[in-house]
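Understanding the architecture of this molecule
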Amino acid sequence: MAGRKVLIVYAHQEPKSLNGSLKRVAVEELSKQGCSVTVSDLYAMHFEPRATRNDIVGCLHNSEEFNYGVEAWEAYKRGGLSNDLIEEQKKVQEADLMIFQFPLYWFSMPAIMKGWMDRVLVQGFAHEFPNCYDSGLLKNKLALFSFTTGGSKEMYAKGGISGDIRYLLWPMQHGIMHFCGVKVLAPHVCFAPEYVSEEKRKEMLIAWAQRLKTLWKEEPINCSPEWYFK
């Protein structure tokens with residue numbers, strides 16, 4: 001929708017991968033709609049995933065014992081976070097929608113993307129108890145997790161060997177996004193792209209492009225345990 005701002009946080013090493021193509025399709029389709037699209041290409045940026053003392057500019061709140069959560073919170077309040085974090089937080093602040101594009105690693109997101117979550121979504125910026133979940137500080141935003149799997153759709157069914165794909169989304173969608181107040185759209189999952197034909201992969205890209213055309217009309221999921229575990 002014209003005027004909307006979208007941030008795509010993208011974690012894949014290869015632009016020619018299906019993840020790279022899904023990211024490209026999203027940029028093209030959303031830009032066509034008049035959206036302003038920003039991409040944080042974490043590998044290309046050499047994004048630092050480790051939460052360390054380097055994230056704090058200037059003196060520590062407690063120089064005797066380092067507590068990252070406390071120090072990042074205090075640094076945010078005084079404008080003392082490192083420039084890379086300030087830049088990413090600005091992108092988040094401006095976004096109406098955040099799309100996270102990645103391959104599933106060990107039932108989770110790649111470490112570089114988890115590091116983005118750890119370092120960017122600090123207390124004071126994204127949450128500050130009791131301002132969490134429905135009253136989280138990012139409550140006027142939408143998020144969508146778009147990812148690929150190694151396993152087939154049958155493996156990630158409720159009776160499958162890997163369990164329902166929704167189980168894996170609980171920590172990512174609920175524990176991170178919903179905790180920060182973000183409303184979550186239904187995930188977009190491309191199952192086992194490495195084990196299907198080129199034609200099937202093209203169909204995956206077409207299906208993603210089609211969904212994006214009406215994305216702004218979608219309602220968020222019910223952010224409750226029932227959605228994940230019923």
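Residues numbered from 1 in each chain as written. Predicted model: local features only at pLDDT ≥ 70, side-chain atom pairs only at ≥ 80, totals over all residues. Heavy atoms only, no water.

For the protein chain, the count of helices and strands is seven helices and six strands. Computed over its C-alpha atoms, the radius of gyration of the protein chain comes to 18 Å, within 12% of the 17 Å expected for a compact globule of 230 residues. The principal-axis extents of the C-alpha atoms in the protein chain amount to approximately 60 × 40 × 30 Å. The burial tally for the protein chain puts 48% of its 230 residues in the buried class. If you take every contact in the protein chain between residues at least 6 apart in sequence, the share linking residues at least 24 apart comes to 76%. (Helix = DSSP H or I, 4+ residues; strand = E, 2+ residues; numbered from the N terminus. Rg over C-alpha atoms; globule rule 2.2 N^0.38 Å. Buried < 20%, exposed > 50% of the residue type's maximum accessible area, 1.4 Å probe, protein only. Contact = heavy atoms within 4.5 Å.)

It is the contact of helix α3 (residues 83–94) with helix α4 (residues 111–120), at a shortest axis distance of 10 Å, that shows an interaxial angle of 90 degrees. By the criterion of interaxial angle, the relationship of α3 to α4 is roughly perpendicular. Each of D84, L85, E88, Q89 and V92 in α3 lies in contact with α4, whose residues at this interface are W116, R119 and V120. Residues that form the contact of α3 with α4 fall into these classes: four nonpolar, one polar and three charged. (Axes fitted to C-alpha atoms, helices over the stretch in contact; angles between N-to-C directions. Parallel < 35°, antiparallel > 145°, perpendicular 65-115°, else oblique. Nonpolar A, V, L, I, M, F, W, Y, C, P; charged D, E, K, R; others polar.)

Attention shifts here to the pattern of salt bridges. All told, the structure shown has 12 salt bridges when counted by the stated rule. Residue E29 is joined to K32 by a salt bridge in which the shortest nitrogen-to-oxygen separation is 3.8 Å. Taken together, the residues span about one helical turn, with E29 and K32 both in helix α1 (residues 18–32) at a distance of three residues. Owing to a relative accessible area of 8%, E29 belongs among the buried residues under this scheme. Accessibility expressed as a relative area gives 66% for K32, which makes it exposed. Through salt bridges with shared partners, a single ionic network connects E29, K32 and K213. (Salt bridge = Lys/Arg side-chain N within 4 Å of Asp/Glu carboxyl O.)

Here the focus is α3. If you check α3, its first and last C-alpha atoms are 17 Å apart, about what 12 residues at 1.5 Å a residue would give, namely 16 Å. Residues of α3 that are buried: L85, E88, Q89, K91 and V92. What you see down the axis of α3 is that its buried residues fit within an arc of 155 degrees, all on one side. Looking at the packing, one finds that the buried side of α3 touches β1 (5–10), β2 (36–41), α2 (68–78), β3 (97–103) and α4. (Expected span 1.5 Å × (residues − 1). Arc of directions from axis to C-beta.)

By size, the foremost hydrophobic cluster in this structure holds 46 residues, and its most contacted members are F100, F102, W116, M117, L121 and M177. For this core, the element with the highest residue contribution is helix α5 (residues 165–177), accounting for six residues. Apart from residues lying up to four places away in sequence, F102 is in contact with A11, N19, S108, M109, P110, M113, F145, S146, F147, T148 and M172. Counting 21 residues, the second largest nonpolar core, distinct from the first, contains V6, L18, L30 and C190. (Core = buried A, V, L, I, M, F, W, Y, C linked by side-chain atoms within 4.5 Å.)

Of note, Q173 is situated in helix α5. Residue contacts for Q173: discarding those within four places in its chain leaves F145, H178, V184, L185, P187, I221, W227 and Y228.

Let us look at the packing of α1 against helix α6 (residues 198–213). The interhelical angle for the contact between α1 and α6, taken along N-to-C directions, is 30 degrees, at an axis separation of 10 Å. In terms of orientation, α1 and α6 fall into the roughly parallel class. The two elements α1 and α6 meet at a crossing, and its hand is right-handed. Only R201, M204, L205, W208, A209, L212 and K213 of α6 make contact with α1, whose side of the interface consists of L18, S21, L22, V25, A26, E29 and L30. (Left-handed = near helix turned anticlockwise from the far one by under 90°.)

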